[in-house]
Structure formats: C-alpha cells, structure tokens
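Summary of the model geometry
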Amino acid sequence: SSITSDPLGLFSPVLTHLQNSNPQISFEMYEGYIFTPDMTKAVAMMSSPFGNSETEYNSQMLEILHGAADEMKEEYPDVGVTIVGGPEIAVGNASRIKKDSIIAILLSVILIALLVTYSIGSLRNVLLIFLSIGWGWLFALAGMSLFSSQVSIIVIGISSVILGIAVNYPLHMIVHLSHTPNVRSTLK
C-alpha cells in the first residue's frame, strides 16, 4: 500500500501517466490499490531491471512471476493472473524464433539431402557434399568460439540459409566433375 502512505505524492505521476497513456482505459484508486473502473481487476506494475533483449534474465524473472501466480491460484482458485509487458513478449518471441529456426534447419537439411541424392544419385558424391559442409560447420564453430562463448538466436535462424548456400559449392564441383574428370582443372 505504497500509494496510501505517500505523503509526498511520488506515485501521482505514475497514476497520471496511466490515465494519459490510453484515454479509453481509466483506473480507480481504492484503499491505496489500483483497480479497473468496474473494480473487478487489480493492477500491479513492476519495472524489469533487464532490457528486452536480455531474454535469459527476463525468462528467469518470468519463471519466478509465473511461479508466484501459480501459488496464488492454488490458494485463491477464483483469482486469475495475467502477466503482460515487454519482457513477456520478448521471451515469447525469442523462444518462438528458436523453435522455428530449429525446424527450418532440420527441414532444409532433409530437403537438401533428398534433392541432392535424387539429382546426383551417387552415395559417394552425396557423402562428399555433406562432409565438406560438416567441415565448414566445424570450422565456423571453432572460429566463433574464439570470439564468443554464446550464439545468438539470429545466428541459429540464419544457419538454414547458410546451409543452402554452403551446398552450392560442392554440388557445383561434383556436377562439373561429371563433365571434366580431372579434379585440378575442375577446381580451376
């Protein structure tokens, strides 16, 4: 009940900001608590000490908040809790991007493998293509580990595009080997 014991009026700007942020939504004060005008919903606010891009810390904070909400629901089954805000959206978006990226990478690997196997028909050549891609992948991971111990979600998402581009060179070389059997002249 910080608002009722606020002789200096420090919380008045918060209430004014709430009223001015969306004129269609108004809030009522009752015994130092903020409610919607119909008094059916209480409003509690907090500021995250983390930025929206710090999804690791925000997800930990949200786990604590959701745990507290679950405990309250057990004690008061008729009360519902809704958590909204920038950190909730950022964590949700990050987890969705991560899941979608993994699905995109798996689909691209499977489709490329099927397409290359169908087009080339030689298991040896298909294995050579994937060996060269695997070597490049390991080299890239080793290079990244020199500069950073973490990989962003954007890098994971872009890897499905890079995988498609990476198949191009060995595929191009194997197709040209069918026209010119000499490996040196094909590389030139």
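What you see is a predicted model; the values in this text were computed from it and never measured.

Topic: the overall build of the chain
- Assigned secondary structure in the chain consists of 6 helices and 3 strands.
- Listing every helix and strand of the chain by position from the N terminus yields α-β-β-β-α-α-α-α-α.
- Buried residues in the chain amount to 15% of all 188 residues.
- Partitioning the contacts of the chain with sequence separation of at least 6, the portion at a separation of at least 24 is 47%.

With respect to the packing of aromatic side chains
- One pass over the structure, following the stated rule, counts 1 aromatic pair.
- When the centroid spacing of 5.2 Å and the interplanar angle of 20 degrees are considered together, the rings of Phe50 and Tyr57 count as stacked.
- Phe50 sits in the partly exposed class, given a relative accessible area of 28%.

Concerning the side chain of Ser108
- Inspection of the secondary structure assignment puts Ser108 in helix 3 (residues 86–120).
- A polar side-chain atom of Ser108 sits 2.8 Å from the main-chain carbonyl oxygen of Ile105.

Describing helix 4 (residues 123–147)
- Taking 1.5 Å as the rise per residue, helix 4 with 25 residues should run 36 Å; its terminal C-alpha atoms sit 37 Å apart, in good agreement.
- Within the sequence span of helix 4, burial applies to Asn125, Val126, Ile129 and Ile133.

A look at a nonpolar patch on the surface
- Taken together, the side chains of Ile103, Leu107, Ile110, Leu111 and Leu114 make up a nonpolar region of the molecular surface, amounting to roughly 510 Å² of accessible area.
- Structurally, the position occupied by Leu114 is in helix 3.

Some remarks on the side chain of Thr36
- In this structure, Thr36 sits in the loop between strand 2 (33–35) and strand 3 (42–43).
- At 2.6 Å, the side chain of Thr36 forms a polar contact with the side chain of Asp38.
- Beyond its immediate sequence surroundings of up to four residues, Thr36 is in contact with Ser26, Glu28 and Lys41.

Concerning a negative patch on the surface
- The grouping of Asp70, Glu71, Glu74 and Glu75 at the surface amounts to a negative patch.
- Mapped onto the elements, Glu74 comes out in helix 2 (residues 55–75).

Cut-offs and rules
Residues numbered from 1 in each chain as written. Predicted model: local features only at pLDDT ≥ 70, side-chain atom pairs only at ≥ 80, totals over all residues. Heavy atoms only, no water. Helix = DSSP H or I, 4+ residues; strand = E, 2+ residues; numbered from the N terminus. Buried < 20%, exposed > 50% of the residue type's maximum accessible area, 1.4 Å probe, protein only. Contact = heavy atoms within 4.5 Å. Phe/Tyr/Trp six-rings, centres within 6.5 Å; stacked < 30°, edge-to-face > 60°. Polar contact = N/O pair within 3.5 Å; in protein donor to acceptor, adjacent residues only side chain to side chain. Expected span 1.5 Å × (residues − 1). Patch = residues over 30% accessible without salt bridge, like charges linked within 9 Å, V, L, I, M, F, W, Y side chains within 5 Å. Areas by Shrake-Rupley, 256 points an atom, 1.4 Å probe, with all protein chains shown as cover. Salt bridge = Lys/Arg side-chain N within 4 Å of Asp/Glu carboxyl O. Lys, Arg positive; Asp, Glu negative; His and termini not counted. Charge placed at Lys NZ, Arg CZ, Asp CG, Glu CD.

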